[in-house]
Amino acid sequence: MTTDPPPGLTRFNTSSDSAALTALHEVCASTAWGSALLAHRPYATADALLSASDTATAELTADDLAQAMAAHPPIGRPKPGDPTSAREQRGMAGASDALRAELLELNLAYQDRFGHVFLICATGRTGEQMRDAVRIRIGNSPEQERAVVRTELGRINRIRLTRLVEAAEVGE
């Protein structure tokens, strides 16, 4: 029994390179990641696309990771008017002012230590869980943290790609 690919995957596979790169850039701001995924179109299944994403994420250089992270807002401060960051950081919606202030302080300390935004796959996590994660991760070595960041970016990319390929219409 053969099942048709999700509508978003068909649209992604058949769209122009420019349109596909624009969609990929919304998932991950790394040019190298987007180019790697574009180069392997068409994808037979959503799983094939996710697998290609995992491979491309694993191959990102330090500069590519920095480019990807630069597009992510700090935890607790989603980009105004950006439904993706608001949806992903939903766990902060009911956070107290004290928790928001603590996260701001931790975000700044983390950024001072590592030189980039604290990146975590926030989907499904509470504000307290994200706070606890930054508290733990700020003690990582730069090498340990780079590995954690790569894993978190991979999770974020998978969630965003899944939404892209499952969407019946552009912009869902």
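Here, every reference points to the structure presented above.
Residues numbered from 1 in each chain as written. Predicted model: local features only at pLDDT ≥ 70, side-chain atom pairs only at ≥ 80, totals over all residues. Heavy atoms only, no water.

### Some remarks on the overall build of the chain
Note the cut-off: Elements are defined by DSSP. Helices are runs of H or I of four residues or more, strands are runs of E of two residues or more, and each kind is numbered from the N terminus. When a residue's accessible area, from a 1.4 Å probe over protein chains only, is under 20% of the maximum for its type it is buried; when over 50% it is exposed; and in between it is partly exposed. Areas reported as accessible are Shrake-Rupley estimates using a 1.4 Å probe. Residue values count occlusion only from the protein chains shown.
Scanning the chain for helices and strands turns up 9 helices and 0 strands. Secondary structure of the chain in N-to-C order comes out as α-α-α-α-α-α-α-α-α. By residue count, 41% of the 172 residues in the chain fall in the buried class. Of the roughly 9,100 Å² of accessible surface on the chain, a fraction of 54% belongs to carbon and sulfur atoms.

### Here's the deal with the pattern of salt bridges
Heads up, the condition is: Salt bridge criterion: a side-chain nitrogen from Lys or Arg within 4 Å of a carboxyl oxygen from Asp or Glu.
Enumeration according to the criterion identifies 9 salt bridges in this entry. The partner of aspartate 54 in a salt bridge is arginine 158, and the shortest N-O contact between them spans 2.8 Å. Placement of aspartate 54 in helix H4 (residues 46-58) and of arginine 158 in helix H9 (residues 142-166) is noted, with a sequence separation of 104 residues between them. Classification of aspartate 54 by relative accessible area gives partly exposed; the value is 32%. Looking at arginine 158, the relative accessible area reads 33%, which means it is partly exposed. Notably, a salt bridge pairs aspartate 132 with arginine 131, separated by 3.1 Å at the nearest N-O pair.

### Focus: the packing of helix H5 (residues 62-70) against H9
Put simply, the test is: For every element, the axis is a line fit to its C-alpha atoms; helices are fit only across the contacting stretch, and the angle between N-to-C directions ranges from 0 to 180 degrees. The cut-offs work like this: below 35 degrees is roughly parallel, past 145 is roughly antiparallel, 65 to 115 is roughly perpendicular, and the gaps in between are oblique. Each helix crossing is assigned a hand: it is left-handed if the near helix lies turned anticlockwise from the far helix by less than a right angle, otherwise right-handed if that turn is clockwise. It only takes one pair of heavy atoms within 4.5 Å for two residues to be counted as in contact. As a working rule, the residues Ala, Val, Leu, Ile, Met, Phe, Trp, Tyr, Cys and Pro are called nonpolar, Asp, Glu, Lys and Arg charged, and the rest polar, with Gly in that last group.
Packing of H5 against H9 brings their axes to within 11 Å, and their N-to-C directions diverge by 55°. If you check the angle between H5 and H9, you find them oblique. The handedness of the crossing between H5 and H9 is left-handed. Contacts between H5 and H9 pair Leu65, Ala68 and Met69 from the former with Arg146, Val149, Arg150 and Leu153 from the latter. For the contact of H5 with H9, the per-class residue count stands at 5 nonpolar, no polar and 2 charged.

### Concerning the packing of helix H7 (residues 97-114) against helix H8 (residues 127-137)
Two elements in contact, H7 and H8, have axes separated by 10 Å at closest approach and are oriented at 30°. The pairing of H7 with H8 is recorded here as roughly parallel in orientation. Crossing angle aside, the handedness with which H7 passes H8 is left-handed. Packed against H7, whose contacting residues are Leu99, Glu102, Leu103, Leu106, Tyr110 and Phe114, the element H8 presents Gly127, Glu128, Met130, Arg131, Val134, Arg135 and Arg137 at the interface. Residues that form the contact of H7 with H8 fall into these classes: 7 nonpolar, 1 polar and 5 charged.

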